[in-house]
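So the chains spell out like this:
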Amino acid sequence: MLRRYQIREVSQLCLIIWLGVWFYGCCVSEDSSERSIYSLEGFTMGTSYVVKVSTVSFLQGNNRLELQREIDELLESLNDQMSTYRDQSEISRFNRSSSFAPVAISSGFVTVVREAIALSNRTGGAFDPTLDPLINLWGFGNEGSMDTLPSEDRVNELLDEIGVRFLEISDEGLLSKIHPGLKINPVSYTHLRAHETS
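Residues numbered from 1 in each chain as written. Predicted model: local features only at pLDDT ≥ 70, side-chain atom pairs only at ≥ 80, totals over all residues. Heavy atoms only, no water.

Colleague: Teacher, can you tell me more about the sheet that holds strand β5 (residues 174-177) here?
Modeller: In a beta sheet, neighbouring strands pair by backbone hydrogen bonds and run either parallel or antiparallel. Pairing is antiparallel in the open sheet, where 3 strands are placed in the order β3-β5-β4. The sheet is open, and its two borders are formed by β3 (103-104) and β4 (167-169), each paired with just one other strand. Strand direction decides the pairing type here: β4 and β5, joined by 3 bridges, are antiparallel. By the bridge assignment for β5, I169 is matched with L175. Seen against the sheet, helix α4 (residues 107-122) touches β4 and β5 and runs at an angle of roughly 130° to β4. (Pairing = 2+ DSSP bridges. Helix = DSSP H or I, 4+ residues; strand = E, 2+ residues; numbered from the N terminus. Contact = heavy atoms within 4.5 Å. Axes fitted to C-alpha atoms, helices over the stretch in contact; angles between N-to-C directions.)

If you want it as structure tokens, here you go:
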């Protein structure tokens, strides 16, 4: 059974794929009466996905296989960068480390982190990409469910360890933390650039 946290990730992934296909569709100016709908399916993040494409001729033969390959490669790349369910993903390695040393991350992850920090600043912290310890404390993360409510002391302790003030990204795209326990949560999937999904 999927946990709420996984359902949120899958929902966000579906939105990203749908937006990418929609943006592509906006670029096609053919008569809509001649369009066909094609389905592309696959597996990712412990579940399946379906992409529906309405087009005139794009998904014929090798084009269909090429689009399927590009979707699968994009999803694999996302998982390798930002899935906390993969031990060797960039985000998992960063989260496990207690080092303050800057680390190089992929350009897509750089964009996501920069946008997440900017959104956190614009919302006065209402959006916070560093809530992973609290998410796990309340039983919604990848560390499993909780049996008892967390203590107020433990919540306050974690509140002192989170916030984008502890996260830095250099002009060169090097990511570092100012607090050793800082972790980034994977909600950042939603900030993927549209051209990465087209």
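Colleague: Looking at this structure, I do not really get the layout of surface pockets. What am I missing?
Modeller: The gaps left among the atoms become clear once a water-sized probe is rolled over them. The volume enclosed by the largest pocket comes to roughly 210 Å³. Lining the largest pocket are T84, Y85, R86, D87, S92, N95, R96, D132, N142, E143 and K183. It is helix α3 (residues 90-96) that provides the largest number of residues to the lining of the largest pocket, a total of 3 residues. Class assignment for the residues of the lining of the largest pocket results in 1 nonpolar, 4 polar and 6 charged. (1 Å grid on protein atoms, 1.4 Å probe; cavity = no way out; pocket = protein on both sides within 12 Å on 5 of 7 lines; lining within 4 Å. Points joined across faces, edges and corners; volume = space filled by probe spheres on them. Nonpolar A, V, L, I, M, F, W, Y, C, P; charged D, E, K, R; others polar.)

Colleague: Hey, could you run me through the pattern of salt bridges in this one?
Modeller: Proximity of charged atoms lets side chains of opposite charge pair with each other. Taken as a whole, this structure holds 5 salt bridges when the rule is applied. Here R69 and E66 are joined by a salt bridge, their closest N and O atoms 2.3 Å apart. Of the two residues, R69 and E66 are both situated in helix α2 (residues 62-82); the distance of 3 residues between them amounts to about one turn of the helix. Residue E66 is classed as partly exposed on the basis of its relative accessible area of 34%. Of the charged contacts in the structure, one is a salt bridge between R154 and E157, with a shortest N-O distance of 2.5 Å. Here R154 and its partner E157 are both found in helix α6 (residues 152-159), 3 residues apart, which amounts to about one turn of the helix. (Salt bridge = Lys/Arg side-chain N within 4 Å of Asp/Glu carboxyl O. Buried < 20%, exposed > 50% of the residue type's maximum accessible area, 1.4 Å probe, protein only.)

Colleague: Would you mind showing me how to read the environment of E161 here?
Modeller: You can see E161 is positioned in the loop between α6 and β4. It is 6.6 Å that separates the C-alpha atoms of E161 and G181, two residues lying 20 residues apart in sequence. Setting aside chain neighbours within four positions, we find E161 in contact with F166, H179 and L182.

Colleague: Looking at this model, I keep getting lost on the side chain of Q68. Mind explaining?
Modeller: Residue position: Q68 is located in helix α2. Beyond its immediate chain neighbours, meaning those up to four positions away, Q68 contacts L40, E41 and Y49.

Colleague: Honestly, the nonpolar core in this entry has me stumped. Any pointers?
Modeller: Ranked by internal contacts, the top residues of the largest apolar core, which has 25 residues, are F109, V113, L167, L175 and I184. Taken together, the elements giving at least two residues each to this core come down to β2 (47-55), α2, α3, α4 and β4. Sort the elements by how many residues they give to this core and α2 lands first, with 6 residues. Dropping the residues within four chain positions of it, I184 is found in contact with T84, I91, F94, N95, F109, V113, P129, T130, D132, L167 and L175. (Core = buried A, V, L, I, M, F, W, Y, C linked by side-chain atoms within 4.5 Å.)

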